[in-house]
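Tertiary structure, described
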Amino acid sequence: MSQIQVPWRERISYGLGDTASNLIFQMTTLYLMYFYTDVFGLNAAAVATLFLVARVIDAIAEPFIGVMIDRTQTKWGKCRPYFLWLAVPFGITAVLMFLTPDFGDTGKLIYAYITYTVLGLMYSGINLPLSAILPSLTSDSNERTVVNTVRMIFAVVGVITVSAGTMPLVNAFGGGNQAKGFIVTMVMFAVIAILLFLNMFVNTKERVHAIDEKPLPMRVGVKALKGNTPWLIMLLMSLFLWISSSIQGQTSIYYMTYYIKKPELIPVVNSMQLLMIVSMVFAPMAVRKIGKRNTIIIGSVISIFGYIIAIIGGNSLSVPLLLSGLLISGLGLGAGAGLIFAMMADTVDYGEWKSGVRAQGLLYSAASFGVKVGMGLGGALGGWILSMGGYVANSSAQSESALAAISFNYLWAPIIGQIIMIILLLFYRLDKIQPLMLKELQERRNQAAA
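Here's what I pulled together on the structure shown here. Note that the structure is predicted; figures quoted are calculated from it, not measured. (Residues numbered from 1 in each chain as written. Predicted model: local features only at pLDDT ≥ 70, side-chain atom pairs only at ≥ 80, totals over all residues. Heavy atoms only, no water.)

**A few points about the overall build of the protein**
Scanning the protein for helices and strands turns up 16 helices and zero strands. The principal-axis extent of the C-alpha atoms belonging to the protein is close to 75 × 45 × 35 Å. Relative to its full complement of 450 residues, the protein shows a buried share of 61%. The long-range fraction of contacts in the protein, counting pairs at least 24 apart against all pairs at least 6 apart in sequence, stands at 84%. When the accessible surface of the protein is totalled, it reaches about 17100 Å², and 70% of it is carbon and sulfur. Across the protein, 31 positive and 21 negative side-chain charges occur, with their mean positions spaced 5 Å apart. (Helix = DSSP H or I, 4+ residues; strand = E, 2+ residues; numbered from the N terminus. Buried < 20%, exposed > 50% of the residue type's maximum accessible area, 1.4 Å probe, protein only. Contact = heavy atoms within 4.5 Å. Areas by Shrake-Rupley, 256 points an atom, 1.4 Å probe, with all protein chains shown as cover. Lys, Arg positive; Asp, Glu negative; His and termini not counted. Charge placed at Lys NZ, Arg CZ, Asp CG, Glu CD.)

In C-alpha cells form, the structure reads like this:
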C-alpha cells in the first residue's frame, strides 16, 4: 500500500517547497546580520543577543507546533493545510523584517525583535510541516532518500538564488541605496516563495497514516520519544550542525569583504554551493551500498579536508586555493545534506515500532528544536565573537583581532561542527535494523486494515 514511488510531479513540487523556504530563510541566515549592523545601524552585540532570544522563543514554541500538526485532521491531511494557511503571512512578515523605519536606536531594536521573532514562528509553522510530511509521502526508506534528495537539490537552488543573487540584486535595485535594494529584493523573493508554497499544497499527497488516526495528545505523543536513541542523535546533530553553519553563513560577507578584501567574490563563493547538487545526486547510490550513516561520515571527512585547504588559502590570501578548499568542502557537505531529514523520517518509524505511537509532528518539532536553538546559538556566538574581536561596521580597516574573529567564524567553526557530527554518528545503529523494523510495521498496518 505505502511502498510506493512518489510521482515526479510530486517530488518536484515538494522540492520547490524547500526552494520557497530558502528564498526567505537564507536571507536571514546569510544577510540579516550584515543588514542589521551595516544597513539598519544596530550594534553587533545587540544583534547577537536578539538572534539568541528570538530563536529560544521559537524553539520553545516548536513542540507545540508539532503537537498541533499531530492533532490536525482535515480533508487535506495533517501537514498540507499549513502551506495554504501560512504562505502569505510568512511572505509578508519577511518583507516587514527588511524595512528600515527610523524609530531611533531603541525603537529600531524593538522593531527588529518583533519582526524577527514573528518570522521565526511563521517559519516554524510552515517549515515543520514541510519536513514532517516526508514520512507520509511514502514508507519506503529508499524512496524517502530519493524524495528528500530531490528536495535538497531544490533547496540548494533556493540557497544559490539568495546567496549568489542577493547582492547583485540589491545593488541593481538600490542604485547605491542598500536599504532600498534589500527591501525590493525581499519583496521579489517573498512573492516567488508564496507561489511555490501554494504549488506544493496543490501537488503533494499524504499516503501513509498511523494505524489509529485519532488526534494525538502530547502526553501520548511523547511515548514515541522514549528510548528513541536514533532520534536523540539526530536532534544533537541538528543542534551542532546549525550552530556551526549559522556562524559560517552569516560571516561569509564579512570574510570576503574584510579578510580577503574582495567583496566581488561574495556571489562567486556563495554560488559554489551549487556543486553540492553533484554529490546529492550520487548520495542515494552511496546509501544503497554503505548506508545513510556512513555516507554522511565520509562526506564530513571530505568537508573537513576542504576547509583545511581553505584555511591555508585564506591565510596566504591565495584565492585559487581558498576557492578549491571551499569547493571540496561543498562536495562533502552535499553528500549528507539530503540525508538528515530522511534519517529523521526513519526515526518516526522507529518510535512507532518501539512504542506503537506515530508522532511525526512531535518528533520533527523536537528535532527542529535543535535546529532553532542551534541557529540561535550560532547566530549569537558569531555576533559575540565579532564584537569581542572588535569588529567595527563599515570600517575599511579592521583590527587583527577582528580579522581573526572573522576567520574563525568562517572556516574553523564548520570544522568543529563536522567533527562533532562524526562522533555522534558513530553511535547511530538504525541502518542495521531498519529492514526488520519496516517489515513488522507493515504487518501491523495490514492486520489493522483487515
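Alright, that's what it looks like, and here's the rest.
**Some thoughts on the environment of Thr257**
Considering the arrangement of structural elements, one finds Thr257 in helix α9 (residues 229–259). Measuring from C-alpha to C-alpha, the distance between Thr257 and Ser396 comes to 8.8 Å, with 139 residues separating the pair along the chain. Every residue in contact with Thr257, bar those within four places of it in the chain, is listed here: Lys262, Pro263 and Ile266.

**Side note on the environment of Asp105**
Looking at the element boundaries, Asp105 is found in helix α4 (residues 104–132). When the C-alpha positions of Asp105 and Gly41 are compared, they lie 8.0 Å apart, and in sequence the two are 64 residues distant.

**So, the packing of helix α3 (residues 80–97) against α4**
α4 packs onto α3 with a crossing angle of 155° between their chain directions and a minimal axis gap of 9 Å. Looking at the two axes, α3 sits roughly antiparallel to α4. Judged by the twist between their axes, the crossing of α3 over α4 is left-handed. Judged by residue contacts, Tyr82, Phe83, Leu86, Ala87, Pro89, Phe90, Thr93, Ala94, Leu96 and Met97 of α3 engage Tyr111, Thr115, Tyr116, Val118, Leu119, Met122, Tyr123, Gly125, Ile126, Pro129 and Leu130 from α4. For the contact of α3 with α4, the class distribution of residues is 18 nonpolar, three polar and no charged. (Axes fitted to C-alpha atoms, helices over the stretch in contact; angles between N-to-C directions. Parallel < 35°, antiparallel > 145°, perpendicular 65-115°, else oblique. Left-handed = near helix turned anticlockwise from the far one by under 90°. Nonpolar A, V, L, I, M, F, W, Y, C, P; charged D, E, K, R; others polar.)

**Re the nonpolar core**
In this structure, Tyr36, Met256 and Leu326 are the most contacted members of the largest nonpolar core, which totals 119 residues. Looking at which element gives the most residues to this core, the answer is helix α1 (residues 8–39), with 13 residues. The contacts of Met256, once residues within four sequence positions are left out, are Lys261, Lys262, Pro263, Leu265, Ile266, Val269, Leu322, Leu326 and Tyr410. Core analysis: the next-biggest nonpolar cluster, separate from the first, contains nine residues, Ile153, Met276, Ile277 and Met280 among them. (Core = buried A, V, L, I, M, F, W, Y, C linked by side-chain atoms within 4.5 Å.)

**Let's talk about helix α11 (residues 276–315)**
With 40 residues, α11 extends only 25 Å from end C-alpha to end C-alpha; this falls clearly short of the ideal 58 Å at 1.5 Å per step. Trailing α11 by a residue or two, Leu317 shows a phi angle of about 55°, which is positive. (Expected span 1.5 Å × (residues − 1).)

**A look at the packing of α9 against helix α15 (residues 400–425)**
Running from amino to carboxyl end, α9 crosses α15 at an angle of 160°, the nearest separation of the two axes being 8 Å. Judged on the interaxial angle alone, α15 and α9 are roughly antiparallel. With respect to the hand of their crossing, α9 and α15 are arranged in left-handed fashion. Its residues assigned to classes, the contact of α9 with α15 comprises 22 nonpolar, eight polar and no charged.

**Looking at a nonpolar patch on the surface**
On the surface, Val56, Ile60, Phe64 and Phe369 cluster together into a nonpolar patch covering about 380 Å² of accessible area. Take the nonpolar patch: its biggest share by element is three residues, from helix α2 (residues 44–71). With respect to the helices and strands, the residue Phe369 is situated in helix α14 (residues 360–388). (Patch = residues over 30% accessible without salt bridge, like charges linked within 9 Å, V, L, I, M, F, W, Y side chains within 5 Å. Salt bridge = Lys/Arg side-chain N within 4 Å of Asp/Glu carboxyl O.)

**Here's the deal with the side chain of Gln398**
Turning to its location among the elements, Gln398 is positioned in the loop between α14 and α15. Take Gln398: its relative accessible area is 11%, and that puts it in the buried class. Here Val392 takes part through its backbone oxygen, which lies 2.6 Å from a polar atom of the side chain of Gln398. Sequence-distant contacts of Gln398, defined by excluding residues within four places in its chain, comprise Tyr258, Gly390, Tyr391, Val392 and Leu403. (Polar contact = N/O pair within 3.5 Å; in protein donor to acceptor, adjacent residues only side chain to side chain.)

**Considering the pattern of salt bridges**
Summed over the entire model, instances satisfying the criterion amount to eight salt bridges. One salt bridge in this structure joins Arg207 and Glu10, with 2.5 Å as the shortest N-O distance. Of this pair, Arg207 sits in the loop between α7 (178–203) and α8 (218–221) while Glu10 is found in helix α1, placing the two residues 197 residues apart along the sequence. The class for Glu10 is buried, based on a relative accessible area of 4%. Taking the shortest distance from any N to any O, the salt bridge between Asp346 and Lys292 comes out at 3.0 Å. Taken as a pair, Asp346 in helix α13 (residues 340–355) and Lys292 in helix α11 lie far apart in primary sequence, 54 residues in all.

**Some details on the packing of aromatic side chains**
Scanning the entire structure with this criterion turns up 23 aromatic pairs. Taking 6.0 Å as the distance between ring centres and 50° as the angle between the ring planes, the aromatic pair formed by Phe35 and Tyr36 counts as tilted. According to the relative accessible area criterion, Tyr36 is buried, its value standing at 1%. Relative to Tyr391, the ring of Tyr254 has its centre 5.1 Å away and its plane inclined at 85°; by these criteria the two rings are edge-to-face. Of this pair, Tyr254 sits in helix α9 while Tyr391 sits in the loop between α14 and α15, and the two are 137 residues apart along the sequence. Grouped by ring-pair contacts, the aromatic residues Tyr31, Phe35, Tyr36, Phe40, Phe51, Phe98, Tyr116 and Phe182 constitute a single cluster. (Phe/Tyr/Trp six-rings, centres within 6.5 Å; stacked < 30°, edge-to-face > 60°.)

**Let's talk about α3**
Under the 1.5 Å per step criterion, the end-to-end length of α3 is 26 Å for 18 residues, consistent within 8% with the ideal 26 Å. Considering bend angle alone, the principal kink of α3 is centred on Leu86 and spans about 50°; proline Pro89 follows within four residues of it. All buried positions along α3 are accounted for by Arg80, Pro81, Tyr82, Phe83, Leu86, Ala87, Phe90, Gly91, Thr93, Ala94, Val95 and Met97. In the core, the buried residues of α3 are packed alongside α1, α2, α4 and α7. (Bend = angle between axes of the 7 residues up to and from the residue.)

**Comments concerning unusual backbone geometry**
Even without being a glycine, Lys261 presents a positive backbone phi close to 60°. Positionally, Lys261 belongs in the loop between α9 and α10 (266–271).

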